[in-house]
Amino acid sequence: MAWVVLFVSAALETVWATALGASDGFTVPGPTALFAVTIVVSLAAFGYVLKHIPISTAYAVWTGTGAALTVLWGMATGAEPVTFLRLLFIAGIVGCVVGLKLVPARPVAPAPETAVSTAKEASRA
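Let us look at the structure shown here. (Residues numbered from 1 in each chain as written. Predicted model: local features only at pLDDT ≥ 70, side-chain atom pairs only at ≥ 80, totals over all residues. Heavy atoms only, no water.)

Contact geometry of helix H2 (residues 29–49) with helix H3 (residues 55–77) gives a least axis separation of 10 Å together with a crossing angle of 150 degrees. Seen from above, H2 lies across H3 with right-handed handedness. Taken together, the residues of H3 that come into contact with H2 (itself represented by Ser42, Leu43, Phe46 and Val49) are Ile55, Ala58, Tyr59 and Trp62. Within the contact of H2 with H3, the residues separate by chemical class into seven nonpolar, one polar and no charged. (Axes fitted to C-alpha atoms, helices over the stretch in contact; angles between N-to-C directions. Helix = DSSP H or I, 4+ residues; strand = E, 2+ residues; numbered from the N terminus. Left-handed = near helix turned anticlockwise from the far one by under 90°. Contact = heavy atoms within 4.5 Å. Nonpolar A, V, L, I, M, F, W, Y, C, P; charged D, E, K, R; others polar.)

To continue, consider the nonpolar core. One finds Leu6, Val49, Ile53 and Trp62 to be the most contacted residues of the largest nonpolar core, which totals 16 residues. Breaking this core down by element, the ones donating at least two residues are helix H1 (2–22), H2 and H3. Sort the elements by how many residues they give to this core and H1 lands first, with seven residues. Excluding its chain neighbours within four sequence positions, the residues that come into contact with Leu6 are Phe46, Val49, Ile53, Ala58, Val61 and Trp62. (Core = buried A, V, L, I, M, F, W, Y, C linked by side-chain atoms within 4.5 Å. Buried < 20%, exposed > 50% of the residue type's maximum accessible area, 1.4 Å probe, protein only.)

Laid out in structure tokens, this is it:
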């Protein structure tokens, strides 16, 4: 479920980034309101995700997916040129996101010396 929420949050990142550009410095009410709503929902969803997916993986997937979707939206609307190299690099971002999803996250065990030093500090107190 957290991965679904992560991708929804990344899609909302595309919406708020596009709305931010269209807001003309927060002077156009419609895009400004859309930006305000979608950034709050996107970050709230991302906060939920961080309870389930390590920040390093979640943030890389969130920003990569959001960036790729934003460029694709720009291409679809004609704001960005469609070139082979742009499509190739977007495919690279998508490939990296898929790779991060497929690589299992392993919990990090505390170093043995940390446990020993914590026990020594507790006995001194």
